[in-house]
Amino acid sequence: MVVTSRRHTLAGELLVLQLAIIVLVLFAVAAVSLAQSKATFDRVEGRRVTALAEEMAGNPLLRSQLRLPAPAETLAPLLQTRLTQSHVTSVTVADAAGEIVAATNPTLVGTRLPVDGPGVAQARGWSGELPVDGVRELVAQVPVLADNENHVGEHLGTVMIGRASPTSWQRLSGASSYLLAYLGIASVLGGAGSWLLARRIKRQTLGLEPREIAGLAEHREAMLFGIAEGVIALDPQLRLTLVNEVGRKLLVLPEDCVGMSLADLGIGGRLYDVLAGTGGEHGAEHGSERRDEVVVRRGRVLVMNRMDVTKDGRRLGSVTTLRDRTELAQLERELGSFRSSTELLRAQAHEFSNQLHTISGLIQIGEHDEVVRYVRALRKHRESLDLTLTSRVRDRAVAALLMAKSALAAERRVRLRISELTALDRLEPTDSADVATVLGNLVDNALDAAAAPDQENDAWVEVELRQDASSVEIVVRDSGPGVAPELAQEVFSRGFTTKAAQGGDRGIGLALTRLVCTRRGGEVSVANTHPGAVFTARMSVGQLTDRETEEVQ
């Protein structure tokens, strides 16, 4: 038969520990009571035996008999009377040499008087504890002095009266008649309180035992620090209660950030709105929709998802997950040129198809001269656009991007204009890629705004590129509805989009635009005009700055 040992429960362990504490407290109370009882006994009985000894030392019979030989028989009745009336333990009389001449215990006669120091032999009084016939007594020793005319003040002997010191049990029982009852009541109340406390703790821990709680904590640590996403938890007061290593690095938080509030950590603006679940374009209920939010934090594009945590209708806080989209945004930038080429081919195929249909129709109705004029007009328009781009935009990648956007704009019935102030020389490949990224994102947003269904038929987008020795400035104007003034400072840090679509990964373009400009020591801004809006981006060229910037608020 296998015998299994039963493990102690959390409530049982707490009860045993608390009962042990109660027992220790009771012992401490008993020790204090003993000490107080002893102090009281020494103080009260010490004064009483001293007074009795002084009274007896002044007795004329005692003084007269001490001068005579063998005074034991004469003084015995006096000593016994004092013993009986005063309820003391012993009464002893010694001569001037310290030899006991009379005592309530006859066996002590002829022995030396027990003293503590030479003071008693020099006719000085003393009180304290001494062993008398094997018993510890509280005694008072008072000198007997002569009072006759010829020998005034002569030391005749010593009177010692003692009271046996009570034992510890006598002190404990005599300290108070209700002390044991008080200790018993305290023990019962302490035990009941300990049991109730143990039950309450067990309910608060959902019945989990210490080993189970430790296992849950270990599993939580393994889960939080084993996933590739960042996790940050806040309580209702917006204090950090949990953050894993990935989340701390993504948000650039100190190692001792747990327990600190968002304000203490210097977090504000868009990042604060997402973590706290306040404000934002989706309102206060955003946290319950499980929507992803794009936030730019110190050169990183982060996608954040926040959820409120409630139990039994009570809000416990929130949990936010973070994903780093920076590398994906960089990949999107690198694929932008391929996407632009695809759009160009698709738009041109659509445009050529329409032109071929027109030529085919003219031939079928016999308008051959009109076909020639139509073809010449198309060639002239194409040469004009090519001449404009090649004369003002010498960088081939940027020029090709504008050609693609021009065809896309024509398909969407939007006129793409190149400003007469445009002038851009050939750039380094890395500079050209970043300029194309910013320009493509701004033009795409402008085309979406200008081509909105509620806009007028005369929709247009104008591009202006200016370059100096160390920087490039990109200005994109459109005829769209513009940007609301309250969003003018937030459209780039929000991952905001002017597109009608509401789902998916739309809206990262403006955040990426600001990220590229900031890394190159520049900036991007938006202003409303009539009609439409003007986006202005400025960045340095020639070298890429690697400095990390603070979060764009």
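For clarity, every value in this text was computed on a predicted model and none was experimentally measured.

Together, Ile-21, Val-25 and Val-29 make up an exposed nonpolar region whose accessible area comes to about 240 Å². You can see Val-29 is positioned in helix H1 (residues 10-57). The class for Val-29 is partly exposed, based on a relative accessible area of 34%.

In terms of nonpolar packing, the biggest core is built from 49 residues, with Leu-402, Leu-439, Leu-465 and Ile-474 touching the most fellow members. In terms of residue count, the dominant contributor to this core is helix H12 (residues 429-450) (nine residues). Each residue touching Leu-402, except ones within four places of it in the same chain, is listed here: Leu-389, Val-393, Leu-416, Ile-418, Leu-439, Val-463 and Leu-465. Formed by 22 residues, the second largest nonpolar core is a distinct cluster that contains Ala-57, Val-91, Val-93 and Val-159.

This part takes up the packing of aromatic side chains. To describe a pair of aromatic rings, you give the distance between the ring centres and the angle between the ring planes. For the structure shown, the criterion picks out zero aromatic pairs. Over the ring of Trp-460 we find Arg-417, and its NZ or CZ is 4.3 Å from the ring centre.

Further remarks concern H12. Taking 1.5 Å as the rise per residue, H12 with 22 residues should run 32 Å; its terminal C-alpha atoms sit 31 Å apart, in good agreement. Counting buried residues in H12 gives 18 out of 22 residues, a clear majority hidden from the surface.

Strand S4 (residues 135-145) sits mainly inside the fold: eight of its 11 residues count as buried. Sheet analysis places strand S3 (residues 126-132) next to S4, joined by seven bridges and oriented antiparallel. Considered in S4, the bridge of Gly-128 is made with Val-139. The turn linking S3 back onto S4 is made up of two residues, and Asp-133 within it adopts a positive phi angle of 55 degrees. Summarising the sheet, S4 and strand S5 (residues 155-164) pair through nine bridges and their orientation is antiparallel. Opposite Val-144, over in S5, you have Gly-157 as the bridge partner.

Turning our eyes to something else, we now look at the confidence of the model for the protein chain. Confidence along the protein chain averages 76 in pLDDT terms, with 75% of residues attaining 70 or more. Below pLDDT 50 for its whole length, residues 1-5 participates in zero contacts with residues either more than four positions away or in separate chains. Within the model, the stretch residues 544-553 combines pLDDT values under 50 with 29 contacts to residues more than four positions away or in other chains.

An ideal rise of 1.5 Å per residue puts 22 Å on 16 residues; helix H11 (residues 396-411) measures up with 23 Å between its terminal C-alpha atoms. For H11, the complete set of buried residues consists of Val-398, Ala-399, Leu-401, Leu-402, Met-403, Ala-404, Lys-405, Ser-406, Ala-407, Leu-408 and Ala-409. The opening residue of H11, the one whose side-chain oxygen lies 3.3 Å from the backbone nitrogen of Ala-397, is Asp-395. Looking one or two residues beyond H11, the residue adopting positive phi is Arg-413, at roughly 60 degrees.

Positioned with a positive phi, His-87 is a non-glycine residue whose angle comes to about 55 degrees. Tracing the backbone through its elements, the reader meets His-87 in the loop between helix H3 (72-86) and strand S1 (90-95). A positive phi is found at Val-252, a non-glycine position, where the angle reads about 55 degrees. Tracing the backbone shows Val-252 in the loop between helix H7 (245-250) and helix H8 (269-276). On the basis of relative accessibility, which here comes to 39%, the residue Val-252 falls in the partly exposed class.

Tracing the backbone through its elements, the reader meets Gln-18 in helix H1. For Gln-18, a relative accessible area of 15% translates into the label buried. C-alpha separation for the pair Gln-18 and Ala-198, spaced 180 residues apart in sequence, amounts to 9.3 Å. Ignoring sequence-local partners within four residues, the contact set of Gln-18 consists of Ser-194 and Leu-197.

Before going further, it helps to spend a moment on the pattern of salt bridges. In total, this model carries 22 salt bridges according to the counting rule given. For the salt bridge of Arg-466 with Glu-473, the shortest nitrogen-to-oxygen distance reads 2.0 Å. Residues participating in the shared-partner salt-bridge network are Arg-417, Glu-462, Glu-464, Arg-466, Glu-473, Arg-477, Glu-523 and Arg-538.

With their axes 10 Å apart at the nearest point, H11 and H12 run at an angle of 15 degrees to one another. When the axes of H11 and H12 are compared, the pair comes out roughly parallel. Judged by the sense of rotation from one axis to the other, the crossing of H11 with H12 is right-handed. Residues Ala-397, Val-398, Leu-401, Leu-402, Lys-405, Leu-408 and Ala-409 of H11 form the contact with H12, whose own contacting residues are Ser-432, Val-435, Ala-436, Leu-439, Gly-440, Val-443, Asp-444 and Leu-447. In the contact of H11 with H12, the residues fall into 11 nonpolar, two polar and two charged.

The rules behind the values
Residues numbered from 1 in each chain as written. Predicted model: local features only at pLDDT ≥ 70, side-chain atom pairs only at ≥ 80, totals over all residues. Heavy atoms only, no water. Patch = residues over 30% accessible without salt bridge, like charges linked within 9 Å, V, L, I, M, F, W, Y side chains within 5 Å. Areas by Shrake-Rupley, 256 points an atom, 1.4 Å probe, with all protein chains shown as cover. Salt bridge = Lys/Arg side-chain N within 4 Å of Asp/Glu carboxyl O. Helix = DSSP H or I, 4+ residues; strand = E, 2+ residues; numbered from the N terminus. Buried < 20%, exposed > 50% of the residue type's maximum accessible area, 1.4 Å probe, protein only. Core = buried A, V, L, I, M, F, W, Y, C linked by side-chain atoms within 4.5 Å. Contact = heavy atoms within 4.5 Å. Phe/Tyr/Trp six-rings, centres within 6.5 Å; stacked < 30°, edge-to-face > 60°. Lys NZ or Arg CZ within 6 Å of the ring centre and 35° of its normal. Expected span 1.5 Å × (residues − 1). Pairing = 2+ DSSP bridges. pLDDT = per-residue confidence, 0-100. Polar contact = N/O pair within 3.5 Å; in protein donor to acceptor, adjacent residues only side chain to side chain. Axes fitted to C-alpha atoms, helices over the stretch in contact; angles between N-to-C directions. Parallel < 35°, antiparallel > 145°, perpendicular 65-115°, else oblique. Left-handed = near helix turned anticlockwise from the far one by under 90°. Nonpolar A, V, L, I, M, F, W, Y, C, P; charged D, E, K, R; others polar.

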